[in-house]
Amino acid sequence: MGYAEVYKSWQEDPERFWMAQADAIDWDTAPSKALFDDNAPLYEWFKDARVNTCWNAVDRHVEAGRGDQAAIIYDSPVTDTKRHITYAELKDQVAQLAGALAAKGVEAGDRVIIYMPMVPQALTAMLACARIGAVHSVVFGGFAANELAVRIDDATPKAIIAGSCGIEPGRVLEYKPLLDGAIELATHKPDFCVILQREQAPAALIDGRDFEWDAVQEGVDPADCVPVSGDHPAYILYTSGTTGAPKGVVRPTAGHLVALSWTMKNIYNVDPGDVFWAASDVGWVVGHSYICYAPLITGNTTIVFEGKPIGTPDAGTFWRVMSEHKVKTFFTAPTAFRAVKREDPKGEFYAKYDLSELNAVYLAGERADPDTIEWIGNLTGKPVYDHWWQTETGYTIAGNPAGLEALPVKIGSPTVPMPGYDVQILDDAGHPVAAGELGAIAIKLPLPPGTLPTLWNAEARFRKSYLDTFPGYYETGDAGMKDEDGYLWIMARTDDVINVAGHRLSTGAMEEVLGGHKDVAECAVIGVADELKGQLPMGFLCLSTRVNRPHEEIVKEVIARVRDQIGPVAAFKLALVVDRLPKTRSGKILRGTMAAIADGREYKMPATIDDPAILDELKEAMQAIGYAK
Ligand code: COA
Ligand code: AMP
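Reading the values: the criteria
- Residues numbered from 1 in each chain as written.
- Chains lettered and ligands numbered in written order.
- Predicted model: local features only at pLDDT ≥ 70, side-chain atom pairs only at ≥ 80, totals over all residues.
- Heavy atoms only, no water.
- Near = heavy atom within 4 Å.
- Polar contact = N/O pair within 3.5 Å; in protein donor to acceptor, adjacent residues only side chain to side chain.
- Nonpolar A, V, L, I, M, F, W, Y, C, P; charged D, E, K, R; others polar.
- Areas by Shrake-Rupley, 256 points an atom, 1.4 Å probe, with all protein chains shown as cover.
- Pairing = 2+ DSSP bridges.
- Helix = DSSP H or I, 4+ residues; strand = E, 2+ residues; numbered from the N terminus.
- Axes fitted to C-alpha atoms, helices over the stretch in contact; angles between N-to-C directions.
- Buried < 20%, exposed > 50% of the residue type's maximum accessible area, 1.4 Å probe, protein only.
- Contact = heavy atoms within 4.5 Å.
- Salt bridge = Lys/Arg side-chain N within 4 Å of Asp/Glu carboxyl O.

A.B. asks: Lay out the site of ligand 1 with the relevant residues and their values.
C.D. replies: Around ligand 1 there are 23 residues in total, and Glu 168, Arg 171, Lys 533, Arg 563 and Lys 573 lie nearest to it. Between a nitrogen atom of ligand 1 and a main-chain N or O atom of Gly 142, the distance comes to 3.4 Å. Between an oxygen atom of ligand 1 and a side-chain N or O atom of Arg 563, the distance comes to 2.8 Å. In the shell around ligand 1, the residues fall into eleven nonpolar, six polar and six charged.

In structure tokens:
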């Protein structure tokens, strides 16, 4: 069957479609049906099943004779390490850590925060939680103590598992002081912490609270897989929303297993035994779905890469890893390739490696710019597939189902909606618009299995953020259009989320930090176009009248403040002191117009603007730092 037939078969009978996909999973109790809609517009999938994620990702492959196959290849140019971990070894390691967690009182439903760099133990920790039904919440290493503290208070974890340090090119980043700082800041205190000591920066442990990774596992009984109900949260992953408070996206266990399993063959075209590599980080949704869970559920070999596309040691690293480990499918964010292209525009490194095993390159996480897609395609001669998804969905909303049928690529479009997603473009009143017209991108409810059923402890916020604007639909927060062939085009966010180097960030959160500076009376943060990172945040500060210090001092302080409170990942390095901000007559800051000026894009003078002269002032200020040309 081709794409059109499969999509149609889902549309005609979603229940049958998803029950058929559920056959790929090993159930302790099989689901009696797929969709549970008694609480609409909140939906659950496979709710009455009982199942264990770790069993499906690890143990069943050992039972089926894959014990000697590498489950994980750890390739770390920053520590000069390469290691294979077989499925049999992974099973033992996960069971042992799970046993240690259980021995210290962690039970099904308890939360565990994981704050780790890109080491295989990060996956062991995730799987150990899954094994005993604990709900993990991985926090990206580039976030500061304050962000970690916010997540500790929201998830109220019984335990935190952390690495002693991460390694960024040229510097070792101690995680332990950040962890200690976060626990101190947080109101909720975990019962205990497990610390993976790395030789680059072993950490001092706090007696009675912190336990060393190996020591805590000594002498405990390995834990068996604990079946949980289909709607049990597999994990919580925090993502940026409009305000400073991150949203805790809940991932339901059974739908997650079924949906991810479907994507591996149909979208990524891999079979059990193939090597699959997503160059991302376990702290992001791509890392959850495609470094950890999906490849393991499918019986692939996954790669845990601790390095960067450039500088570890050079722009050939990606090609080297793909060649050496015989990667069949490669997935990363366009920004990573933009970095490679900038250092090695002619692709001289590519020529040094045998990439005959590589089938295709997949891009997601931000808009894929045509130059980058063409550069990869011309260099490698392999198909390059853009696909569009979000933390909330956990897997592709629109993509090119290459394993089913490779559809013609239209550069700039992530192709077509996947089965499960009825994607509509709506006008402000919630009516579908004609092909080729711009609108808000919404998905008809119910969302498919594996997508978020709610936000952690925040159902009202879930409804308000996603369901209220267009009744009967999920609001994606993206704007775009569908063309005559049904291809989707993703153009921009409709909210205050920006995308910096494939990382999703909230300008609202940054404004809260800037606004907290004692000399800042008012502020705005916008996303401006950047050749490498896609977007960069730019801050505008109106100072209190009494301030008579040099403006550069204040700019430096607010930059340090964002780094300190949100983290280096915010990449907040541009800030301007201005007299006034452009606003509508009702007082709304015209951030969209400001961003258009910064990027030198055409814009329509907003009819409701209070004082158009402010735009000229801003333009001048931006020109002084090389923008608004
Ligand atoms: N722990 C601690 N700090 C981190 C970190 C981590 N896990 N990840 C990034 N940082 C720091 C970086 O060191 C950098 O610090 P600096 O301001 O002192 O230089 C800062 O956060 C910004 O990082 P980043 O935006 O990643 O920029 P970069 O210049 O280090 O690298 C790229 C640029 C394009 C090479 C890099 O962003 C990249 O590889 N991106 C791929 C994106 C990706 O995987 N996205 C996931 C979604 S698919
Ligand atoms: P995240 O939740 O971090 O995965 O970010 C999701 C957001 O990133 C989406 O809502 C889009 O705004 C953007 N995004 C992700 N993939 C794409 C893509 N292929 N094309 C355009 N935008 C994308």
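Anyway, onward from the coordinates.
A.B. asks: Residues and numbers for the site of ligand 2, please.
C.D. replies: In the vicinity of ligand 2 there are 14 residues, among which His 387, Thr 391, Asp 478, Arg 493 and Arg 504 approach most closely. In this structure, Gly 365 approaches ligand 2 through a main-chain N or O atom, which is 3.1 Å from a nitrogen atom. In the environment of ligand 2, an oxygen atom lies 2.5 Å from a nitrogen or oxygen atom belonging to the side chain of Asp 478. Burial of ligand 2 by the protein amounts to 92% of the accessible area it has alone, namely 490 Å². Of the residues that constitute the shell around ligand 2, the class distribution is three nonpolar, five polar and six charged.

A.B. asks: How would you summarise the sheet that holds strand β17 (residues 301-305) if you had to cite specific residues and measurements?
C.D. replies: If you trace the seven strands from one edge of the open sheet to the other, you get β5-β4-β17-β16-β18-β19-β20, paired in mixed fashion. Pairing within the sheet leaves two strands with one partner each, and these edge strands are β5 (81-86) and β20 (384-386). Neighbour to neighbour, the strand axes of the sheet diverge by 20° on average, direction disregarded. Of the strand pairs in this sheet, strand β16 (residues 275-279) and strand β18 (residues 329-332) are connected by four bridges, and their pairing is parallel. Bridge pairing links Trp 277 to Phe 330 in β18.

A.B. asks: Could you give an account of the side chain of Thr 312, naming the residues involved and the relevant values?
C.D. replies: Along the chain, Thr 312 falls in the loop between β17 and α10 (317-324). A relative accessible area of 5% means that Thr 312 is categorised as buried. Those residues within four positions of Thr 312 in sequence are excluded, and the remaining contacts are Pro 77, Val 78, Pro 169, Phe 305, Gly 307 and Thr 317.

A.B. asks: Which residues make up the sheet that holds strand β26 (residues 488-493), and what are the values?
C.D. replies: Reading across the sheet, the four strands line up as β23-β24-β25-β26 and stay open at both edges, with antiparallel pairing between neighbours. A single partner strand is all that each edge strand has here, and the edge strands are β23 (423-426) and β26. Within the sheet, the average angular offset between the axes of one strand and its neighbour, ignoring direction, is 50°. Both strand β24 (residues 439-444) and strand β25 (residues 473-482) contribute to a ladder of five bridges, which runs antiparallel. By the bridge assignment, Lys 444 is partnered in β25 with Tyr 473.

A.B. asks: Residues and numbers for the pattern of salt bridges, please.
C.D. replies: Summed over all chains, the structure comprises 33 salt bridges. Among the ionic pairs, Asp 210 bridges to Arg 209, the shortest N-O distance being 2.7 Å. This pair shows no difference in class: Asp 210 is buried, exactly as Arg 209 is. Within this structure, Lys 518, Asp 519, Arg 546, Arg 549, Glu 553 and Glu 557 form a network of salt bridges that share partners.

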